[in-house]
Amino acid sequence: MQKIALLLLAAGASSRMKDHIKQLLPYKDSTLLEHAVKNAKSSKVSEVFVVLGANYDTILATTTLEKISIIRNEEWHLGLGSSIAKGVAYIDSLSQNYEAILIGLADQPLMDATFYNQLITLYQETKSDCVATNYGSKKGVPALFSKKHFSVLASLNQDSGAQKLLIDKKKLSIDSAAKHTDIDTWEDYQWLLNKIAQ
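These numbers come from a predicted model, not from an experiment.

(A) The arrangement of the overall build of the chain in detail. Helix and strand counts for the chain stand at seven helices and nine strands. Within the chain, the fraction of its 198 residues that count as buried is 52%. Sequence-distant contacts in the chain: of pairs separated by 6 or more residues, those separated by 24 or more amount to 71%. Just so you have it, the chain exposes about 9700 Å², and 48% of that area is on carbon and sulfur atoms.

(B) Main features of unusual backbone geometry. Looking along the chain, the bond that leaves Val 141 and enters Pro 142 is cis, with omega of 5 degrees. Relative to the elements of secondary structure, Pro 142 occurs in strand S8 (residues 138-146). Residues other than glycine seldom take positive phi values, yet Lys 28 does so here, at roughly 55 degrees. With respect to the element layout, Lys 28 can be found in the loop between strand S2 (26-27) and strand S3 (30-31). Since its relative accessible area comes to 58%, Lys 28 is described here as exposed. Positive phi, normally seen in glycine, also occurs at Lys 127, with a value near 55 degrees. With respect to the helices and strands, the residue Lys 127 is situated in the loop between helix H4 (113-126) and strand S7 (130-135).

Calculation rules
Residues numbered from 1 in each chain as written. Predicted model: local features only at pLDDT ≥ 70, side-chain atom pairs only at ≥ 80, totals over all residues. Heavy atoms only, no water. Helix = DSSP H or I, 4+ residues; strand = E, 2+ residues; numbered from the N terminus. Buried < 20%, exposed > 50% of the residue type's maximum accessible area, 1.4 Å probe, protein only. Contact = heavy atoms within 4.5 Å. Areas by Shrake-Rupley, 256 points an atom, 1.4 Å probe, with all protein chains shown as cover.

Structure follows, in structure tokens:
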């Protein structure tokens, strides 16, 4: 069985959320962050890691994040790339010797265990070094990277995240379809609540 870690990024300050902490917004029977962690833990990965940054103490005090490893990124203000770098460097330093890392976002609540498992299955069946999510003309996260990419990921420091590794059109990807929903603004969150109320 291949050892795959899932790195969930949740370090941002949610500046477009009208003074609300996005990770703590109520969703279904918990919060956006706890829901994302539940989805991650339900997938076929070996272990789940969460990167926190802004509002670190408040989030830890308010949520129940059992049986996962928390990675603190004190440089979260540098952007998504810094959280990826921090998380990948930490995972790569562990003795478990993970062969791949699946990177996901805590503010994509419709990305569920089924979607994560589709990425993992494609990665395993094709023996590809990278499998991403297809967003029309672009590729992005969730994305699964083999160990050969760890050093590059661990050196990121830009807000573009892992985009430069995903530009290659030959990279395998899965269409995100209806699961693509980034909750970036208060209006996005209201849309999400209306969707689950239907």
